[in-house]
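For reference, the chains in residue letters:
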Amino acid sequence: MGQDISRRAFLKGGFAAAAGVAAGSIPGAAAAVGPEEQTQLATLLDISKCIGCGACVEACTETNARKYPNPKKPFPKMVPARARVSDWSDKQDVTERLTPYNWLYIQHASVDINGEETELTIPRRCMHCVNPPCVKLCPWGAAKQLENGISRIDPEICLGGSKCNAVCPWDIPQRQTGVGLYLDILPNFAGNGVMFKCDRCYDQIEAGQLPACIEACPEDVQTIGPRADIIKQAHKLAREINGYIYGETENGGTNTVYVSPVPFEELDVAIEKGKGKPHLAAASDRMADANTLAAAMVIAPLAGIAAAARKIYNYTRKSKERA
Ligand code: SF4
Ligand code: SF4
Ligand code: SF4
């Protein structure tokens, strides 16, 4: 197996064993890399292997549908009036972009490889940034980063204000109106909904299982393991195929790392981009910006208080419902 953290190795021993393999198999790794490289779980996606079958997209929906929104209609009047309704509940079968009901989709790129026109397919979902602006800048503390690097949005706390979407370099979180806490406490204000995105199947990982999209892939496109190992594997693969890496440094580094046989600038031109269709262009480190850092420092304590208040509110509400 060498330095590979294969699907089988992950399944057999879970994250703890995978992390152990990483530390043991890379001499000096602990001293050479930051703490995130040891504790955060990353995935490597080998674009050249993907056949665009969509099994990963189907598996994501099957596994995570229970987390999808179930909005109450009619929606309360939006205030201010310019606040837009974002309703995907009648379009749950849309799979050609990210939506609150579709956390993974397949992008297509027609590119020239050695003089031959080749169709590449690229699974896209949250990049799971090492230092995620969506988490650091959420005013309500609804977006969280787990110790293993996974970022997720707590639907019990989120008010749908879309700050996470605004600060995300890839426009990942998507809003659904008519669901969540705002209905009870601020029916006409706040963000009018909840934000949704890939949570990297955090609950499956906690149970020692693979994320559904990785498990379902017939081509083993994805590999999961400690970030230090995944970055090493990405470089090895890139050397082998004379390819390119995306995610090692973008937005300061992400835990979704792509290797492509063609430059990402070329892929970015070839893919369809827009709302819910993330780019593959350069992305500078948003959290390194002095203003952003200052904003995060101001928000952190407020978010903590807001999250605590909302938890108490939720607890009280549920207790009343049970009584
Ligand atoms: S299941 Fe695997 S091969 Fe099929 S689209 Fe997804 S990543 Fe590509
Ligand atoms: S890609 Fe966007 S939503 Fe995902 S962790 Fe990074 S900032 Fe957050
Ligand atoms: S990791 Fe889980 S939630 Fe994220 S895209 Fe894959 S199956 Fe969906």
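Here goes a summary of the coordinates provided.

What counts as what
Residues numbered from 1 in each chain as written. Chains lettered and ligands numbered in written order. Predicted model: local features only at pLDDT ≥ 70, side-chain atom pairs only at ≥ 80, totals over all residues. Near = placed C-beta within 6 Å. Helix = DSSP H or I, 4+ residues; strand = E, 2+ residues; numbered from the N terminus. Nonpolar A, V, L, I, M, F, W, Y, C, P; charged D, E, K, R; others polar. Core = buried A, V, L, I, M, F, W, Y, C linked by C-beta atoms within 7 Å. Buried ≥ 20, exposed ≤ 12 C-beta atoms within 10 Å, placed from the backbone. Contact = placed C-beta atoms within 7 Å. Pairing = 2+ DSSP bridges. Axes fitted to C-alpha atoms, helices over the stretch in contact; angles between N-to-C directions. Arc of directions from axis to C-beta. Expected span 1.5 Å × (residues − 1).

### A closer look at the site of ligand 3
- Every one of the 14 residues lining ligand 3 counts as a neighbour, but C60, C198, C201, P211 and C213 are closest to it.
- If you list the elements that add at least two residues to the shell around ligand 3, you get α4 (55-64) and α9 (212-216).
- The element best represented in the shell around ligand 3 is α4, accounting for four residues.
- Along the lines of polarity and charge, the residues of the shell around ligand 3 split into nine nonpolar, two polar and three charged.

### Re the nonpolar core
- L104, C134, C138, C158 and C164 are the most contacted members of the largest nonpolar core, which has 62 residues in total.
- Apart from the residues lying within four places of it in its own chain, the contact partners of C158 are W140, A142, I153, G180, V194 and M195.

### Considering the sheet that holds strand β1 (residues 41-46)
- Taken in spatial order, the four strands make up an open sheet running β8-β1-β10-β9, and their pairing is mixed. Only two strands of the sheet have a single partner each, and these edge strands are β8 (222-226) and β9 (244-246). Adjacent strand axes in the sheet meet at a mean angle of 25 degrees, parallel and antiparallel pairs treated alike.
- Pairing analysis gives four bridges linking β1 to strand β10 (residues 256-260), with the strands arranged parallel. Note on β10: the bridge partner recorded for L44 is V257.

### Focus on α4
- Those residues of α4 that fall on the buried side of the exposure criterion are C56, V57, C60 and N64. Considered in projection along α4, the buried side chains sweep an arc of 105 degrees and stay on one side of the axis.
- In this structure, the buried side of α4 is in contact with β2 (105-113), β3 (116-124) and α9.

### Focus on helix α10 (residues 227-241)
- Helix length check: α10 (15 residues) gives 21 Å between terminal C-alpha atoms against 21 Å at 1.5 Å per residue, within 8%.
- Those residues of α10 that sit buried are R227, A228, D229, I230, I231, K232, Q233 and A234.
- Where α10 terminates, the next one or two residues include N242, which has phi positive at roughly 55 degrees.

### Some points on the pairing of β2
- In this structure, β2 lies alongside β3, joined through nine bridges in antiparallel fashion. Pairing of S110 across the sheet is with E119, part of β3.
- Between the end of β2 and the start of β3, which pair antiparallel, lie two residues, with N114 showing a positive phi angle near 50 degrees.

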